[in-house]
Amino acid sequence: AQSVSQHNHHVILSEAASLELGCNYSYGGTVNLFWYVQYPGQHLQLLLKYFSGDPLVKGIKGFEAEFIKSKFSFNLRKPSVQWSDTAEYFCAVTDLTDKLIFGTGTRLQVFP
Amino acid sequence: DTAVSQTPKYLVTQMGNDKSIKCEQNLGHDTMYWYKQDSKKFLKIMFSYNNKELIINETVPNRFSPKSPDKAHLNLHINSLELGDSAVYFCASSQRSLGDEQYFGPGTRLTVT
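Heads up: these notes are all about the structure in this document. Keep in mind the model is a prediction, meaning the values are calculated, not measured. Along each chain, residue indices are assigned from 1 in the same order as the chain's sequence is written. Labels follow written order: the first chain is A, the first ligand is 1, and so on. Whole-chain, interface and lining totals are the exception, using all residues; otherwise, since this is a predicted model, local features are given only for residues with pLDDT of at least 70 and side-chain atom pairs are given and counted only at 80 or more. Neither water nor hydrogens contribute to the side-chain values; these are computed over all heavy atoms in the structure.

**Some words on the overall build of chain A**
For step 1, the next point in the chain: Helix and strand counts for chain A stand at zero helices and twelve strands.
For step 2, the next point in the chain: Relative to its length of 112 residues, chain A is compact, with a C-alpha radius of gyration of 13 Å against a globular reference of 13 Å.
For step 3, the next point in the chain: Referenced to the eigenvectors of the C-alpha coordinate spread, the extents of chain A come out at roughly 40 × 25 × 20 Å.
For step 4, the next point in the chain: Counting only residues that meet the buried cut, chain A has 49% of its 112 residues in that class.
For step 5, the next point in the chain: In this description, contact between two residues means that some pair of their heavy atoms is separated by no more than 4.5 Å. If you take every contact in chain A between residues at least 6 apart in sequence, the share linking residues at least 24 apart comes to 54%.
For step 6, the next point in the chain: For chain A, the accessible surface area stands at approximately 5,300 Å², while carbon and sulfur atoms represent 54% of it. Put simply, DSSP H or I for four residues or longer makes a helix, DSSP E for two residues or longer makes a strand, and each gets a number counted from the N terminus. Note on method: radius of gyration uses C-alpha positions; expected globular size equals 2.2 Å times residues raised to 0.38. Buried means the residue's accessible area, taken with a 1.4 Å probe over protein chains only, is under 20% of the maximum for its type, while exposed means over 50%, and partly exposed covers the values in between. Using a 1.4 Å probe, accessible areas were evaluated by the Shrake-Rupley method; residue-level cover was limited to the displayed protein chains.

**Here we look at the packing of aromatic side chains**
For step 1, the next point in the chain: Two rings from Phe, Tyr or Trp (for Trp, the six-membered ring) form a pair when their centres are within 6.5 Å of each other. A pair whose planes differ by under 30 degrees is stacked, one over 60 is edge-to-face, and the rest are tilted. The final tally for this structure, using the stated rule, is 14 aromatic pairs over all chains.
For step 2, the next point in the chain: A ring pair is formed by F63 of chain A and Y89 of chain A, whose centres lie 5.6 Å apart and whose planes are at 45°; its orientation type is tilted. Note that F63 of chain A is positioned in the loop between β7 (56–58) and β8 (64–68) and Y89 of chain A in strand β10 (residues 87–94), a separation of 26 residues in sequence.
For step 3, the next point in the chain: Ring centres of F90 of chain B and F104 of chain B lie 6.4 Å apart, and the angle between their planes is 80°; this geometry places the pair in the edge-to-face category. Residue F90 of chain B is found in strand β9 (residues 87–94), and its partner F104 of chain B is found in strand β10 (residues 103–104); the two are separated by 14 residues along the sequence. By the burial criterion, F90 of chain B is buried, and F104 of chain B matches it.
For step 4, the next point in the chain: Through a chain of ring-to-ring contacts, the aromatic side chains of F34, Y36, F51, F90 and F102 of chain A together with Y33, Y35, F90 and F104 of chain B assemble into a single cluster.

**Focus: the side chain of S93 of chain B**
Residues and elements named next belong to chain B.
For step 1, the next point in the chain: In this fold, S93 is placed in strand β9.
For step 2, the next point in the chain: Whenever a nitrogen or oxygen atom comes within 3.5 Å of another N or O atom, the pair is scored as a polar contact, on the condition that within protein one atom can donate a hydrogen and the other can accept it, and that pairs from neighbouring residues in sequence are kept only if both atoms are in side chains. A distance of 2.8 Å separates polar atoms of two side chains, one belonging to S93 and the other to H29.
For step 3, the next point in the chain: Those residues in contact with S93 that lie beyond four places of it in its chain are V4, Q25, L27, H29, T31, M32, Y33, E101, Q102 and Y103.

**What to know about the environment of S48 of chain B**
Residues and elements named next belong to chain B.
For step 1, the next point in the chain: On the secondary structure map, S48 appears in strand β5 (residues 43–50).
For step 2, the next point in the chain: Taking the relative accessible area as the measure of exposure, S48 reaches 0% and is therefore buried.
For step 3, the next point in the chain: Sequence separation between S48 and S65 is 17 residues, and the spatial gap between their C-alpha atoms is 12 Å.

**Looking at the interface of chain A and chain B**
For step 1, the next point in the chain: Taken together, the contact between chain A and chain B spans 20 residues of the former and 18 residues of the latter.
For step 2, the next point in the chain: Each partner contributes to the roughly 1,500 Å² buried at the junction of chain A and chain B, and carbon and sulfur atoms together form 59% of this total.
For step 3, the next point in the chain: When a carboxyl oxygen of Asp or Glu lies within 4 Å of a side-chain nitrogen of Lys or Arg, that pair is called a salt bridge. Applying the counting criterion to the chain A and chain B interface returns two salt bridges.
For step 4, the next point in the chain: Among the ionic pairs, E58 of chain B bridges to K99 of chain A, the shortest N-O distance being 2.9 Å.
For step 5, the next point in the chain: Taken together, chain A and chain B are joined by four residue pairs in polar contact (both at pLDDT 80 or more). Accessible surface is computed with a 1.4 Å probe, and the buried area is the amount of it that two parts give up when combined, taken over both parts together.

Read these as layout, nothing more, since geometry by itself doesn't imply function.
Here it is as structure tokens:
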């Protein structure tokens, strides 16, 4: 069964620091990959997605992610974080039946 | 112009009660979902409907019964509520079937006392 690992459970950064959140998945077939963000008290919103094509995907709010098939990874990056990026970040991957499997989430705290 | 809406936003009830959560999407999507987010923020799919037909039914107690009167609505009814049912329940929808980008509702925080 597909599983998704997010290694960083809690990340604390100062504003303007660079961010990289790890995401690895287990199923090696064709997958769709997503990063969702959940701001405090709000619902999940899509940051970016990868279905096919250029493995470097750009999303909203300056986020990007790189799909590396050989490493089964889809890490999220942002060159300079802001206080407003404080949120929970979820990586999600489709499984063999196209069901969406979520990682356990990474809590990002950005201090001014 | 809310895309995916859920009611109620908060629900506090006692053990043993029966309650329902409603979800509506105005995006014209064919597929709708229910997810449960536990206290550790872990999100797990419970059910999925495509054009009113059940396509995913995860290992969920049969006290949970989804109902889709039409493709824009997916309601969740829970019988005999237990303490462990306390969680945030999210409804979502996607344009076609599984694998598409999903749009989430605001969530319903259920507290069972």
